[in-house]
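# Observations on the model geometry
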Amino acid sequence: MARIEFRELTKAFPGGTLAVDTLNLQIDDGEFVVIVGPSGSGKTTVLRIAAGLEEATAGEVWIGDMVVNDVAPMDRNIAMVFQSYALYPHMTVYENMAFGLKLHGLKKREVQPRVQSAAQMLGIDDLLKRKPAQLSGGQRQRVAMGRAIVREPDAFLMDEPLSNLDAKLRVEMRAYLATLHQQLRTTTLYVTHDQTEAMTMGDRVAVMHQGRLQQVDSPQRLYDHPCNLFVAGFIGSPAMNLVHSELSAGDGAIYASLGQAKLRLPESLLQARPSLSKHVGKPVIVGLRPEDIEDAACLPSANGSGVDIRVSLAEAMGAELIAHFPVAARPIVEPVRPVGTGAVPEQDDSEALRLLTARSDETVFTARLSPRSKARTGGMLRVVFDAERLHFFDPETEDAIW
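## What to know about the overall build of the protein
In terms of helices and strands, the protein carries ten helices and 21 strands. For the protein, the residues scored as buried account for 49% of the 402 residues in total. For the protein, the share of sequence-separated contacts (at least 6 apart) that also reach a separation of at least 24 residues comes to 71%. Split by element, the accessible area of the protein, about 18800 Å² in all, is 50% carbon and sulfur. Mean positive and mean negative side-chain charge positions of the protein (42 and 50 charges, respectively) differ by 6 Å.

## Points about the sheet that holds strand β20 (residues 380-385)
Across the sheet, three strands lie side by side as β15-β20-β16; this open sheet has antiparallel pairing. The outermost strands of the open sheet, each flanked by one partner alone, are β15 (293-295) and β16 (306-310). The average undirected angle you get between the axes of adjacent strands in this sheet is 40°. In this structure, β15 lies alongside β20, joined through three bridges in antiparallel fashion. Residue Glu294 lies in a different strand from β20, and its bridge partner there is Val384.

## Section: the sheet that holds strand β8 (residues 187-192)
Ordered by their spatial adjacency, six strands build an open sheet running β6-β7-β8-β3-β9-β10, and the pairing between neighbours is mixed. The sheet is open, and its two borders are formed by β6 (78-81) and β10 (212-217), each paired with just one other strand. Neighbour to neighbour, the strand axes of the sheet diverge by 15° on average, direction disregarded. Sheet topology note: the β6/strand β7 (residues 155-159) ladder contains four bridges and is parallel. Each residue of the ladder has a partner; that of Met80, found in β7, is Leu157. Helix-sheet contacts for helix α1 (residues 43-51) involve β3 (32-36), β6, β7, β8 and β9 (204-209), and the interaxial angle to β7 is about 145°.

## Quick word on the packing of aromatic side chains
A complete count under the given rule lists five aromatic pairs for this structure. Relative to Phe365, the ring of Phe325 has its centre 5.9 Å away and its plane inclined at 50°; by these criteria the two rings are tilted. Remark: Phe365 occurs in strand β19 (residues 363-369) and Phe325 occurs in strand β18 (residues 321-327); sequence separation between them is 40 residues. Phe365 carries the same exposure label as Phe325, and that label is buried. Sitting over the face of the ring of Trp62, Arg7 holds its NZ or CZ atom 4.2 Å from the ring centroid. Over the ring of Trp402 we find Arg273, and its NZ or CZ is 3.9 Å from the ring centre.

## Regarding helix α3 (residues 108-122)
Taking 1.5 Å per residue, 15 residues should reach 21 Å; α3 reaches 21 Å between its end C-alpha atoms and fits that length. Residues of α3 that are buried make contact with α2 (93-103), α4 (137-149) and α5 (167-184).

## Let's talk about the environment of Arg273
The topology assignment puts Arg273 in the loop between α9 (267-272) and β14 (283-288). Filtering out sequence-adjacent residues up to four positions away, Arg273 remains in contact with Leu390, His391, Phe392, Ile401 and Trp402.

## A word on unusual backbone geometry
Residues Ser237 and Pro238 are joined by a peptide bond in cis, for which omega reads 0°. Positionally, Pro238 belongs in the loop between α8 (229-234) and β11 (241-250). For Ala86, which is not glycine, the phi torsion reads 55° and is therefore positive. One can find Ala86 in the loop between β6 and α2. With a relative accessible area of 45%, Ala86 lands in the partly exposed category. Of note, Asp251 is a non-glycine position whose phi angle comes to about 55°, a positive value.

## Considering the pattern of salt bridges
In this structure the tally under the stated criterion is 16 salt bridges. When the shortest N-O distance is used, the salt bridge between Lys11 and Glu54 registers 3.9 Å. Here Lys11 is found in strand β1 (residues 4-12), whereas its partner Glu54 is found in the loop between α1 and β4 (58-63), with 43 residues between them in sequence. Here Glu54 falls in the partly exposed class, since its relative accessible area comes to 23%.

## Some thoughts on the side chain of Glu294
Note that Glu294 resides in strand β15. Despite its burial, Glu294 remains without a salt bridge, the nearest opposite charge being carried by Arg372 at 6.5 Å. A polar contact of 3.2 Å, which involves the side chain of Glu294, links it to the backbone nitrogen of Ser370. Residue contacts for Glu294: discarding those within four places in its chain leaves Leu299, Leu369, Ser370, Arg382, Val383 and Val384.

## Looking at the nonpolar core
Inside soluble globular proteins, nonpolar side chains tend to come together where they are buried. Among the nonpolar cores identified, the biggest contains 46 residues, and Met97, Val115, Ile124, Met145, Tyr190 and Val207 are the most heavily contacted of them. Setting aside its immediate chain neighbours within four residues, Val115 contacts Tyr94, Met97, Ala98, Leu128 and Val150. Counting 34 residues, the second largest nonpolar core, distinct from the first, contains Ala256, Leu258, Ile309 and Leu321.

Scoring rules and cut-offs
Numbers given for residues are sequential positions, taken from 1 along each chain in its written order. Local features in this predicted model are restricted to residues of pLDDT 70 or higher, and side-chain atom pairs are both shown and tallied only at a pLDDT of 80 or more, whereas totals for entire chains, interfaces and linings draw on every residue. Side-chain numbers here rest on the full set of heavy atoms in the structure, without hydrogens or water. Helix and strand labels come from DSSP, where a helix needs a run of H or I of at least four residues and a strand needs a run of E of at least two; each type is numbered from the N terminus. Only protein chains enter the accessibility calculation, which uses a 1.4 Å probe; a residue is then buried when its area is under 20% of its type maximum, exposed when over 50%, and partly exposed in between. The contact criterion used throughout is that any non-hydrogen atoms of two residues lie within 4.5 Å. Reported accessibility uses the Shrake-Rupley method at a 1.4 Å probe radius. Residues are deemed covered only where the shown protein chains occlude them. In summary, the charge assignment counts Lys and Arg as positive and Asp and Glu as negative, without counting His or the chain termini. To locate a charge, take NZ of a lysine, CZ of an arginine, CG of an aspartate or CD of a glutamate. Criterion used throughout: strands pair if DSSP finds at least two bridges between them. In this analysis an axis means a line fitted to C-alpha atoms, helices contributing only their contacting stretch, and an angle means the value between N-to-C directions, from 0 to 180 degrees. Two aromatic rings from Phe, Tyr or Trp, using only the six-membered ring of Trp, form a pair when their centres are within 6.5 Å; if the ring planes differ by under 30 degrees the pair is stacked, by over 60 it is edge-to-face, and anything between is tilted. A ring has a charge above it when a Lys NZ or an Arg CZ is no more than 6 Å from the ring centre and no more than 35 degrees off the ring normal. Every helix has an expected span of 1.5 Å times one less than the residues it contains. A carboxyl oxygen of Asp or Glu within 4 Å of a side-chain nitrogen of Lys or Arg is what we treat as a salt bridge. Within 3.5 Å is the distance limit for a polar contact, defined as a pair of N or O atoms, with the added protein rule that one can donate a hydrogen and the other accept it, and that residues adjacent in sequence qualify only through two side-chain atoms. Each nonpolar core is a collection of buried residues, namely Ala, Val, Leu, Ile, Met, Phe, Trp, Tyr and Cys, held together in the definition by side-chain atoms within 4.5 Å.

Written out as structure tokens, the structure reads:
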């Protein structure tokens, strides 16, 4: 096993496209780090540079104690698992798993125990005589993993390996990969655009946007303490509600307006974010996650802090109820097109709803309510905003205010 480190890594493609911009990131020995970001953020380019499939424009790539910029891919002792299974259709499972070892000159007596051990670990030891066409998607992905495991590499590089699986199988394989890493403890760099994969699998998560590393931290700290507006809006599903606002002072307290609601900021929040007092009277961006909004009727006591809203859409999910409702506050993302002009960009449904229905002076909020909520589409509802859980950002720098 070995650590992987990128020092001032930069990659510019012909034509001037800057895919990776001065990336500094270290993956410790035995650590599972996930790089996550939207399409075009540079995450796959980073992985390909680590594998030796792309050449860095500037900076260094370290694997263990060696700079590998000029080392051929086959000599880096890393194994890559791709989005496509890339199995040889004419070979059996055993032959697919053994192929790389035979290319490296290992004898049959050395190959067989490695393949048998990996197959047993992956639960595919009864499939070794089958060919890929006889396997399910999940089984094929396990064979691809087995082919990487038998090499006993210093590190695994995984490029969205679960993206071709259906939703149920992705959940199963996600848990399986996390468990497998606990057994092997092999250094792993995993790339995905799926934040659920990132949050559930990574020891640490690195968020990239437009070629730059935005934040790298444990999943929970990333969720609770986003360093800027992009991370706050990208991490979390449904996405964090974000609006333009202004802080005001009165009666010895500081208030934040959230549309028709004026929330008194608790002392604990002001102590955790001492810089907020310097922004009184100034514009700020306020964020609140959907789970920090609740139906007042489902709380023991709302303490008079409830706000009456009209529900635009209520989605009963069984374990929770997702409600969308308008708030009279200027949105961060202006509507990209009028309603009825075609498909929206690739994004989750709640963001599509936000873009299509919000006016320039109105933001559609999303709330994750208790399944006991009586929220109904078109009906009135009294909700409570948890002021303890508010997030604040500088509208000029987009950095979090602490």
